[in-house]
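Architecture and fold: a report
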Amino acid sequence: MLKYIYIIVLTLLTCTTTNGQTINSARNIAMGTHVAFDATIDSIVRVYSDSLTACMGRHLGQCTETMISRRPESPLMRFVADALMFEGIKMAKDKGLNHPIVTLSNAGGIRADLREGEITVRNIYEIAPFENKVVMMVLTPRQLRDVAYHIASRGGEAIAGWSFRLEDGTAKRIKVHEELIDKDKMYTLITVDYLATGGDQFKCLTNIPVVASGRLFREVLTEYIESISAQGKDIVPPMDERI
């Protein structure tokens, strides 16, 4: 029978000052099976581990089939973008905006697949482990095109509310809610602060004013799944073509 030994390494960092200079030093202390069991420490840790296990295991919904993240687009990328649309509709209404709404999230921010079967809070943390917050921006037609061109140059990202053809590394026939971009309209983009501040080379977004929601994307994704489950529905992979 195979036995698995898990070694936890504790890093001890020390800081000393000598002749006005600060010297940092560190050493690793392996904590394995040779460390004796301590009932007192175990009782302290267990209080938190038990509550964390209960929290992370909370049921959110049921997924009909496994969804993966893969460029240029995939069911999980569409689902993530749809969750942003769910939040964006509420944000735009609160701000009294009636521009067409589009959403964007980066494929790199999706860190795990959503497996068929029960969906728990743990699954959401696996998919979205970063502290990205949802933001809203109002874009001109030219700015929206620039975003589409950059998405195309990266081989695709997670989008909802708009679509384009990816040809030779560029975006063609960009449409918002099935209509070509209108030079006389403004557009509301719902995305995450990581991209709004230029992450993943989205420099085209950095000079555009941002309206912060104050909500983590992870919270929005959780609420979106719960809203579908509350209707007595399972989570079904979105299959419409966007890129």
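Definitions and limits used
Residues numbered from 1 in each chain as written. Predicted model: local features only at pLDDT ≥ 70, side-chain atom pairs only at ≥ 80, totals over all residues. Heavy atoms only, no water. Patch = residues over 30% accessible without salt bridge, like charges linked within 9 Å, V, L, I, M, F, W, Y side chains within 5 Å. Areas by Shrake-Rupley, 256 points an atom, 1.4 Å probe, with all protein chains shown as cover. Salt bridge = Lys/Arg side-chain N within 4 Å of Asp/Glu carboxyl O. Helix = DSSP H or I, 4+ residues; strand = E, 2+ residues; numbered from the N terminus. Buried < 20%, exposed > 50% of the residue type's maximum accessible area, 1.4 Å probe, protein only. Expected span 1.5 Å × (residues − 1). Phe/Tyr/Trp six-rings, centres within 6.5 Å; stacked < 30°, edge-to-face > 60°. Polar contact = N/O pair within 3.5 Å; in protein donor to acceptor, adjacent residues only side chain to side chain. Contact = heavy atoms within 4.5 Å. Pairing = 2+ DSSP bridges. Axes fitted to C-alpha atoms, helices over the stretch in contact; angles between N-to-C directions.

Time to look at a nonpolar patch on the surface. Taken together, the side chains of I41, I44, V45, V47 and Y48 define a hydrophobic patch exposed on the protein surface, amounting to about 520 Å² of accessible area. Within the secondary structure, I44 sits in helix α1 (residues 39–56). The class for I44 is partly exposed, based on a relative accessible area of 48%.

Under the counting rule described, the total for this entry stands at 19 salt bridges. Here E226 and R58 are joined by a salt bridge, their closest N and O atoms 2.6 Å apart. Of the two residues, E226 sits in helix α6 (residues 217–229) while R58 sits in the loop between α1 and β3 (59–63), which places them 168 residues apart along the sequence. With its nearest N and O atoms 3.1 Å apart, the salt bridge here joins E157 to R71. Of this pair, E157 sits in the loop between α4 (141–153) and β7 (158–160) while R71 sits in the loop between β3 and α2 (75–94); the two residues are 86 residues apart in sequence, bridging distant segments of the chain.

For α2, spanning 20 residues, the distance from its first C-alpha to its last is 29 Å, which sits close to the expected 28 Å at 1.5 Å a residue. For α2, a buried count of 15 out of 20 residues is recorded, marking the element as mostly surrounded by other parts of the structure. One or two positions beyond α2, positive phi appears at G96, with a value near 70°.

Attention now goes to the packing of aromatic side chains. According to the stated counting rule, one finds three aromatic pairs in the structure shown. An angle of 50° between the planes, with centres 5.3 Å apart, marks the rings of F86 and Y224 as tilted. One end of the pair, F86, is in helix α2; the other, Y224, is in helix α6, with 138 residues separating them in the sequence. Judged by relative accessible area, which is 14%, Y224 ranks as buried. Ring geometry for W162 and F164: centres 6.5 Å apart, planes at 65°, overall edge-to-face. In terms of burial, W162 and F164 fall into one category: buried. Chaining the aromatic ring pairs together yields one cluster made of F79, F86 and Y224.

Another aspect to go through is the side chain of N123. Mapped onto the elements of the fold, N123 is located in helix α3 (residues 121–127). A polar atom in the side chain of N123 sits 2.7 Å from the backbone nitrogen of T120. When sequence neighbours within four positions are dropped, the list of residues in contact with N123 reads L114 and E118.

Residues R71 and P72 are joined by a peptide bond in cis, for which omega reads 5°. We note that H177 has phi near 50°; this positive angle belongs to a residue other than glycine. Structurally, H177 can be placed in the loop between β9 (170–176) and β10 (179–180). For H177, a relative accessible area of 43% puts it in the partly exposed group. Positive phi is not limited to glycine here, since E178 has a value of about 70°. Inspection of the secondary structure assignment puts E178 in the loop between β9 and β10.

Take the sheet that holds strand β12 (residues 211–216) next. Judged by pairing direction, the sheet is mixed, and its five strands sit side by side in the order β7-β4-β11-β6-β12 without closing on themselves. The sheet is open, and its two borders are formed by β7 and β12, each paired with just one other strand. Each adjacent strand pair in this sheet contributes to an overall mean axis angle of 20°, direction not counted. Pairing of strand β6 (residues 133–139) with β12 involves three bridges; the strand directions are antiparallel. Along β12, the bridge assignment pairs K133 with L216. Contacts from α4 reach β4 (101–105), β6, β7 and β11 (187–192) within the one sheet, and its direction differs from that of β6 by about 130°. Here α6 sits on the sheet and contacts β6, β11 and β12; the angle it forms with β12, its principal contact strand, is near 70°.

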